[in-house]
Amino acid sequence: MTADTKFTGQTFKSVGTRPLRPDGIDKVTGRARYGADIDLPGQLVGSILRSPHPHAAIRSIDTSKAEALQGVKAVITSADLPDLTNGNSELFDILDNCMARTHVYYDGHAVAAVAAVDAVTARKALKLIKVDYEILPHVTDVDEAVAKGAPVLHRKCFTQGVEPKPRKPSNIARRSEFGHGDVEAGFAKADVIIERTFRTEQTHQGYIEPHACVASISPDGSGELWVCTQGHFVFRQHCAELLGMDVSKLRVTPTEIGGGFGGKTHVWAEPVALALSRKANRPVKLVMSRDEVFRASGPTSATSIDVRIGITKKGRITAGDATLRYTSGPYVGMWAELGAMTAFACYDMKNVRTVGLEVLVNRPKTTAYRAPSAPMAAFAVESVVDELAGRIGMDPVDLRIRNAAKKGTQSSYGPVYGPIGIGPTLQAAKEHPHMSAPLGKNQGRGMACGFWFNFGGQTCTDLNIAPDGTVALTVGTIDVGGARASLALVAAEELGIPYDQVRAVVGDTSTLGYNDMTDGSRGTFSSSMATIMSARNAITILKERAAKMWDIPVAKVAWEEGCAKAIGKKYGNLAPLSLAEIAAAAPNTGGPIAGHNELVADGAGVSFATHICDVEVDPETGRTQVVRYTVIQDAGKAVHPTYVEGQYQGGAAQGIGWALNEEYVYGEDGRLQNAGFLDYRIPVCSDLPMIDTQILEIPNPNHPYGIRGVGETSIVPPLAAIGNAVSNAFGVRMTHVPMSAPRILKALDEAEEASSTSTETA
Amino acid sequence: MAQHEVKLWSALRPFAQGEASVRVKARTIRELFARLEADYPGMAPFIRQGIAVSVDGTLYRDSWDTELPEGAEVFLLPRIQGG
């Protein structure tokens, strides 16, 4: 990163306003094109045969009858996707997940695929494929997978991160540890210690648009892919590597995206569609059904977490210890590691230790879900912190303020913090009217903090000045939450022109250099930085052109309010030249005018949020309704405040669904029982209150405008905030997410039973 | 050239005889990684796969030209994934 990306404290005209989004009309009128909306001449329908077994060896696959069916143009198995990964285990796992090779590892694992003239023929063909399975023992539960005698998924899986190296294989693929100080000495200083085990069930991101793509491979080896994705450059890279193509010969065009939340950072069916197209020599459209999305894309982990925290009577945390077991599906990930890094990150602790265990199970491959792994860890830690506050009779906000991390604190995951924003979010929560509002009957209030890292990454943008002086901005990060509006505002700000003079689009992979994905809350943070630099480069050229038009030294030209202005006594009386005037003269002053930028946008800065939640629990049924919810989070600088608020509200809404309803339910047979939105219920409008937001603006010192990523942190506190609210409503500590009506009712019944037993004993 | 105490997260410690930190002379992240690869070859696969470097609390994942100021806290961490 170069010095000119530092925050300068400038004032803004466009940034911070709330204009209409440029993609809005297309989206509400149905004009916007999503993954399944792309159609090509001669296009075939692709469909995937999936394993009904959670764990089996593939003895053989007979595709002959399917190939003979009229209308079938290609049938593929793993033989059509040979292993070109050259020892890259991460890439091999992607390949094996896209198309099973020797074994299937979960209900829904792809084993073959067809391309046919229509969907009916494709379905018929799938039924004609005969797979001979040797069914193997399976395990889907996180605790059962680490128990003695559990079926082991991979005989070559010896736990990494353990010295000496284990001699026996297990389902614990990796162990990681973070922390500092002397934990046991810290517990010895505690007046109160609470130790509990928590569980959270597996959830899906629940994006409304399923995975969809159209693939077309030409006989000359070049190809095109239209796809809904959070990262078209990453998809290009992975697909090209898996298919043995030159990367630049595969052009990937991103469509509009109907939600991703991390689930579209990974290829699932795209390499299959490309392989089908290559074999059929025709374009192939492949759209996952909802059933397939649930069974065979990437949900987040199910977890089992042990937490132990000690505290003095005066409310100072003396030690914290946590062991976090996260399911990873059948392939190793870093999900428990992220949980271990984030679990205690909100607090200033002298003695802390976290251990993360990546657990392999016969479930779909875990992938990122919005601040991946942090919400579950926060649920466990924030629940115990809340219980400790109650135990010592201290206000939960005050307890957190007393222990909050600050500049100079050694974080629980290692480094010393620079300036951070948890303190202001807690102070804002303490002063928020929500905290002192009266509660009704059967209502409880909870609050919780959350932490996420945020990051930047490789980014480039093009800013082209049209002959009429309007501006075309091309960015390489996918717009998942209103980024085109925000980036147009940034370009307008820098150039000094109105917002409606800028049109921002997302370019395809042939248009721009490599861009990392829109993940890690990086889209607006990174692309705004590159947009500012592109605009500044364009302004340099605009000033040169104005100097030519005036025939004065370029040093005597300044750029102010969208115009070139001549400066100094000698030239100061020249009338300013507008951007439109300079653009119109461009053919004779040197040709087209553009600004480009390529950079690595590091320095995103960590992010904190504090949430407050009121719930009402029906004691007869256990049904819980969130009646009031407030999100407080630092945005650095809110470029388009409406979309920042939208991110805050969206994260909270997803967290509410996760906390109260959503879970993958597996049967004894290892099959997913609720692969659809009727049985896997995400919240709808009637389930939610209006979610209040408070944007704090503490500038990020590593961004010219002070911008921070805002997309992920808002999903971290809700599980704990709701858990604390439910627990506070009835004095029953909830330790299992989702806190569905049956679980709450059971907890209430058990508490009542315990209470009556103790009364009888007394 | 300044010598830094480079702190390691747990996965890297086995390649440094179990130590929680190593001392490395380096002006930039690039030089730091080159030195680590030479002195602790077991860390090379991690560096190739991606390591995040915290310099005085700011995380750098790709900016290998970032300078390491004298006395700065340098902490190596896993390359974080996001959603």
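In this text, all values refer to a predicted model and were calculated from it rather than measured experimentally.

Q: So what exactly am I meant to see when it comes to the overall build of chain B here?
A: Broken down by element type, chain B carries 2 helices and 5 strands. Going from the N terminus to the C terminus, chain B shows its helices and strands as β-β-α-α-β-β-β. In terms of overall dimensions, chain B has a C-alpha envelope of 35 × 30 × 20 Å along the principal axes. Residues classed as buried in chain B amount to 52% of the 83 residues present. Long-range contacts, defined as pairs at least 24 residues apart, comprise 49% of the intrachain contacts of chain B with a sequence gap of at least 6. For chain B, the accessible surface area stands at approximately 3,800 Å², while carbon and sulfur atoms represent 44% of it.

Q: How should I be thinking about the domain arrangement of chain A in this particular structure?
A: Interfaces are frequently sized by the accessible area removed from exposure as the parts join. Residues and elements named next belong to chain A. What the domain assignment reports for chain A is domain 1 (3-32 + 456-600), domain 2 (36-136 + 222-283) and domain 3 (433-440 + 609-762). The straight-line distance from the C-alpha centre of domain 1 to that of domain 3 is 40 Å. Taken together, the contact between domain 1 and domain 3 spans 31 residues of the former and 22 residues of the latter. Summed over both sides, the interface of domain 1 with domain 3 buries roughly 2,100 Å², with 59% coming from carbon and sulfur. For domain 1, the biggest contributors to the area lost against domain 3 are Phe7, Arg18 and Ser521; these three give 29% of the whole. The tally of links from domain 1 across to domain 3 stands at 1 salt bridge. Where Glu645 meets Arg18, a salt bridge forms, and the shortest distance between an N and an O atom there is 3.0 Å. The set of elements that each furnish at least two residues to the side of domain 1 that touches domain 3 consists of helix H15 (483-495) and helix H16 (523-550). Counting residues per element, the side of domain 1 that touches domain 3 draws most heavily on H16, which supplies 7 residues. Considering only residue class, the side of domain 1 that touches domain 3 consists of 12 nonpolar, 12 polar and 7 charged.

Q: Explanation requested: the pairing of strand E26 (residues 691-696) of chain A in the structure shown.
A: Strand residues, when the strand is regular, have side chains that alternate between the two faces of the sheet. Residue and element names in this part refer to chain A. The pairing of strand E25 (residues 624-634) with E26 spans 6 bridges and is parallel. By the bridge assignment for E26, Asp634 is matched with Leu696. A crossover links E25 with its parallel partner E26, the connecting element being helix H18 (residues 641-660), and its sense is right-handed.

Q: Help me out: how do you make sense of the sheet that holds strand E13 (residues 303-311) of chain A in this one?
A: Adjacent strands of a sheet form backbone hydrogen bonds with each other and so pair up, either parallel or antiparallel. Residue and element names in this part refer to chain A. In space, the 6 strands of this open sheet follow the order E7-E15-E14-E13-E8-E27, with mixed pairing throughout. Of all strands in the sheet, those with a lone pairing partner are strand E7 (172-180) and strand E27 (736-737), marking the two edges. Here 2 bridges tie strand E8 (residues 192-200) to E27, and the two strands are oriented parallel to one another. Within E27, the position partnered with Thr200 by the bridge is Val737.

Q: Is there a simple way to explain the sheet that holds strand E10 (residues 223-227) of chain A in this structure?
A: All names here are of chain A. Strand order in this open sheet of 7 strands is E3-E5-E1-E12-E9-E10-E11, and the pairing throughout is mixed. Both edges of this open sheet fall to strand E3 (72-76) and strand E11 (250-254), since each of them pairs with a single strand only. Each adjacent strand pair in this sheet contributes to an overall mean axis angle of 20°, direction not counted. Of the pairings in the sheet, the one linking strand E9 (residues 212-217) to strand E12 (residues 284-287) comprises 4 bridges and is antiparallel in character. Residue Val214 lies in a different strand from E12, and its bridge partner there is Lys285. Strands E10 and E11 of the sheet are contacted by helix H7 (residues 232-243), whose axis makes an angle of about 145° with E11.

Q: Just checking my understanding: could you explain the packing of aromatic side chains for this structure?
A: A ring pair, where both rings are aromatic, is described by two values, the distance of the centres and the angle of the planes. Considering all chains together, one arrives at 20 aromatic pairs over all chains under this definition. Taking the centre distance of 6.2 Å and the plane angle of 75° together, the rings of Tyr105 of chain A and Tyr331 of chain A count as edge-to-face. Taken together, the residues span a long stretch of sequence, with Tyr105 of chain A in the loop between strand E4 (103-104) and strand E5 (110-116) and Tyr331 of chain A in the loop between strand E14 (317-327) and helix H10 (335-342) at a distance of 226 residues. There is no split in this pair, since Tyr105 of chain A and Tyr331 of chain A are both buried. Three or more aromatic residues joined by ring pairs make a cluster, and in this case those are Tyr413, Tyr417, Phe451, Trp452, Phe453 and Phe608 of chain A. Against the face of Phe455 of chain A rests Arg61 of chain B, its NZ or CZ located 3.7 Å from the ring centre.

Q: For this particular structure, what's the right way to read the interface of chain A and chain B?
A: Contacts between chain A and chain B engage 38 residues on the former and 22 residues on the latter. Buried area between chain A and chain B, both sides added, is near 2,200 Å², and the carbon and sulfur share of it is 57%. Taken together, the links from chain A to chain B amount to 0 salt bridges. Summed over the shared surface of chain A and chain B, the number is 10 residue pairs in polar contact (both at pLDDT 80 or more). Those elements that provide at least two residues to the side of chain A that touches chain B are E7 and H10 of chain A. With 4 residues, the top contributor of residues to the side of chain A that touches chain B is H10 of chain A. A breakdown of the residues in the side of chain A that touches chain B according to their chemical character gives 17 nonpolar, 12 polar and 9 charged.

Q: Would you explain helix H11 (residues 374-392) of chain A in this entry?
A: For an α-helix, the turn length of 3.6 residues means that residues three or four places apart are oriented alike. Residue and element names in this part refer to chain A. Taking 1.5 Å per residue, 19 residues should reach 27 Å; H11 reaches 27 Å between its end C-alpha atoms and fits that length. In terms of residue burial, H11 counts as a mostly covered element, since 17 of its 19 residues are buried. Of the residues trailing H11, Gly393 is marked for its positive phi of about 70°.

Q: Sorry, what's going on with unusual backbone geometry here?
A: Phi is mostly negative for residues that are not glycine, and the peptide bonds are mostly trans. All names here are of chain A. Residues Glu163 and Pro164 are joined by a peptide bond in cis, for which omega reads -10°. Assignment of secondary structure puts Pro164 in the loop between helix H5 (142-146) and E7. Residue Pro738 follows Val737 across a cis peptide bond; omega there is 10°. Positionally, Pro738 belongs in the loop between E27 and helix H20 (741-761). Of note, the phi angle at Asn442 is positive, near 60°, even though the residue is not glycine. As for its placement among the helices and strands, Asn442 is situated in the loop between helix H14 (433-436) and strand E16 (443-452).

How each quantity is defined
Residues numbered from 1 in each chain as written. Chains lettered and ligands numbered in written order. Predicted model: local features only at pLDDT ≥ 70, side-chain atom pairs only at ≥ 80, totals over all residues. Heavy atoms only, no water. Helix = DSSP H or I, 4+ residues; strand = E, 2+ residues; numbered from the N terminus. Buried < 20%, exposed > 50% of the residue type's maximum accessible area, 1.4 Å probe, protein only. Contact = heavy atoms within 4.5 Å. Areas by Shrake-Rupley, 256 points an atom, 1.4 Å probe, with all protein chains shown as cover. Domains from an automatic or database assignment. Buried area = accessible area lost by both parts, 1.4 Å probe. Salt bridge = Lys/Arg side-chain N within 4 Å of Asp/Glu carboxyl O. Nonpolar A, V, L, I, M, F, W, Y, C, P; charged D, E, K, R; others polar. Pairing = 2+ DSSP bridges. Right-handed = clockwise from strand over helix to strand, strands pointing away. Axes fitted to C-alpha atoms, helices over the stretch in contact; angles between N-to-C directions. Phe/Tyr/Trp six-rings, centres within 6.5 Å; stacked < 30°, edge-to-face > 60°. Lys NZ or Arg CZ within 6 Å of the ring centre and 35° of its normal. Polar contact = N/O pair within 3.5 Å; in protein donor to acceptor, adjacent residues only side chain to side chain. Expected span 1.5 Å × (residues − 1).

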